[in-house]
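Here are the chains, one letter per residue:
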Amino acid sequence: MSRTSGTAPAANATQKGDTPSIRPRDLLSKEDCLEIFRQLYLARYFDVRLIKEKRLGHLTGTLYSSHNQEGVLVGSLYGLKPNDWISPIHRDMPAFFLKDIKFDWRRADRMGLSIEEVCAQVWGRVGSPGRARDNWSHIGSRSKRIIHSTSMLAGTIPVAAGVVYADRLDGGDAVCVTFNGEGSTAQGIFHEAINYAAVHKLPVVTVVENNQWAYGTPAELECPTTDVADRARGFGIPGLVADGQDVFDVYDKVMTAINYARSGRGPSIVECKTFRAYGHGDHDDDRANKYRPKEDVEKGRARDPIAICRATLLALGHIDAAHAETFRAEGKNASEAKNDDFPPEVVTFLNEGIEFALQSSLPPADEGAKWVFREAK
Ligand SMILES: Cc1ncc(C[n+]2csc(CCOP(=O)(O)OP(=O)(O)O)c2C)c(N)n1
Ligand SMILES: [Mg+2]
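Here's a quick rundown of the structure. Think of each chain on its own: its residues are numbered from 1, step by step along the sequence as written. By the order in which they are written, chains take letters starting at A while ligands take numbers starting at 1. Thresholds applied to this predicted model are a pLDDT of at least 70 for local features of residues and 80 or more for the giving and counting of side-chain atom pairs; totals over whole chains, interfaces and linings are not thresholded and use all residues.

**Some words on the sheet that holds strand E1 (residues 85–87)**
Then comes step 1: Ordered in space as E1-E2-E3-E7-E6, the five strands form an open sheet in which the pairing is parallel. Edge strands, defined here as strands with exactly one partner in the open sheet, are E1 and strand E6 (239–243). If you compare each strand with its neighbour and ignore which way they point, the axes differ by 20 degrees on average.
Then comes step 2: Relative to strand E3 (residues 204–210), helix H2 (residues 70–77) is tilted by about 165 degrees, and along the sheet it contacts E1, strand E2 (176–181), E3 and strand E7 (268–273). A pair of strands is labelled paired if DSSP reports no fewer than 2 bridges between them. Counting from the N terminus, the helices are the DSSP runs of H or I reaching at least four residues and the strands are the DSSP runs of E reaching at least two. Whenever a helix is involved, its axis is fitted only over the stretch in contact; in every case the axis is a line through C-alpha atoms, and angles between N-to-C directions fall within 0 to 180 degrees. Once C-beta atoms are placed from the backbone, any two residues with those atoms within 7 Å are in contact.

Put into structure tokens, the structure is as follows:
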């Protein structure tokens, strides 16, 4: 089967690194599992709502949807310690507020951006890190340990290596999880940076969100090996493959890599097989139907991470059948999904962020030329 056929392989996901006898997920409590489920809804609702707002003409800037890829984000971030670092890219907007969000979403001192900051960023308001100056995702926070995202694909991996190297020299045990599309893996800097991290045994976990497409280029024109994770062999490091549609499989594989890194053994690559639900960005929505057959897209979206997580929770007895029927966001496009398809706390939380953004003013116009060149004393 061609890798561009729209499938995100599931049961055959193989693991090429350490095989723990107890899987990381086995140590999660029922509350953790329910929180992971809530976070999937939160990430999906953020995306759905932004698509709606964009279509209403309320937003400017490009929207790179993470619809159908929420399992990769939530599963990768859930096990991090507050002091760990992350480096998201264009498709990972929810990562900015999902970092260290566990259980208490509104905690002011948590090591992630608040929903208010992220919404202000999207609406281009004064209370945002970017203050309407650049792409939504081009933000970061040194104090919250989020490496600044840039457009240069794979360009944050060497930065991640340097950041955790410095942390190690200072006696810290922080790990950095970097997010990259499979298209980024064809960049020279991807290989140079991982080589450097491998040589110095740096705690860098490179999560590859293999959504089968890089703009209009299919995965097999970016990578000659069956799995991107096979690239790890050349660096002598573990390469793990996760079913990106199964948040618990992502959690298992990324936690295995995080534990490996934190113990001083070095970096890993974790490839998460998923499928890009829409075009590259919202400017690409119509053309998407021209280079990807409709059936392939339907097939790729058929395995929805929310539905898969719900089935796991049912099987574990963490939710009952009545609860499972309450919210049905899966399989719905942004135009089909309604607020009632999401838990009310998810809708309220995002509404608070949006309200904050709408009440914030736009940055003053005379700020436009600031911070471009070195400011005169
Ligand atoms: C070095 C570099 N080359 C090209 C681009 C233009 N570009 C932006 S996103 C993108 C596709 C990225 O695909 P992938 O890495 O698979 O991530 P995805 O968008 O699928 O999440 C390209 C080619 C860029 N930003 N940086
Ligand atoms: Mg891609």
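**Digging into the pairing of E2**
Regular strands have side chains that alternate between both faces of the sheet.
Then comes step 1: In this scheme the burial state of a residue depends on its C-beta neighbours within 10 Å: 20 or more other such atoms mean buried, 12 or fewer mean exposed, and anything in between means partly exposed; the C-beta positions come from the backbone. Counting buried residues in E2 gives six out of six residues, a clear majority hidden from the surface.
Then comes step 2: Residues Cys 176, Thr 178 and Asn 180 line one face of E2 and the alternating positions Val 177, Phe 179 and Gly 181 line the opposite face, and both faces are buried.
Then comes step 3: Here E1 runs beside E2; their pairing, made up of three bridges, is parallel. Looking at E2, one finds that Ser 87 is bridged to Thr 178.
Then comes step 4: In this sheet, E3 lies alongside E2 in parallel orientation, the contact comprising six bridges. Counted as the bridge partner of Val 177 is Val 205 from E3.

**Overview of the site of ligand 1**
Then comes step 1: Defining nearness, a residue is near a molecule or strand when the C-beta atom obtained from its backbone falls within 6 Å of it. Neighbouring ligand 1 are 16 residues, the closest being Leu 153, Gly 181, Gly 183, Ser 184 and Ala 214.
Then comes step 2: Classification used: nonpolar for Ala, Val, Leu, Ile, Met, Phe, Trp, Tyr, Cys and Pro, charged for Asp, Glu, Lys and Arg, polar for all others including Gly. Classifying every residue of the shell around ligand 1 by side-chain character gives five nonpolar, seven polar and four charged.

**Quick look at the nonpolar core**
Then comes step 1: The nonpolar core criterion groups buried Ala, Val, Leu, Ile, Met, Phe, Trp, Tyr and Cys residues into a set whenever they are joined through C-beta atoms within 7 Å. In terms of nonpolar packing, the biggest core is built from 95 residues, with Val 164, Cys 176, Val 204, Val 205 and Val 254 touching the most fellow members.
Then comes step 2: Among the elements that line this core, the one with the most residues is helix H1 (residues 30–55), at twelve residues.
Then comes step 3: Excluding residues within four positions of it along the chain, Val 204 makes contact with Ile 157, Ala 160, Ala 161, Val 164, Cys 176, Thr 178, Ala 197, Ala 261 and Pro 267.

Read these as geometric descriptors, not functional statements.
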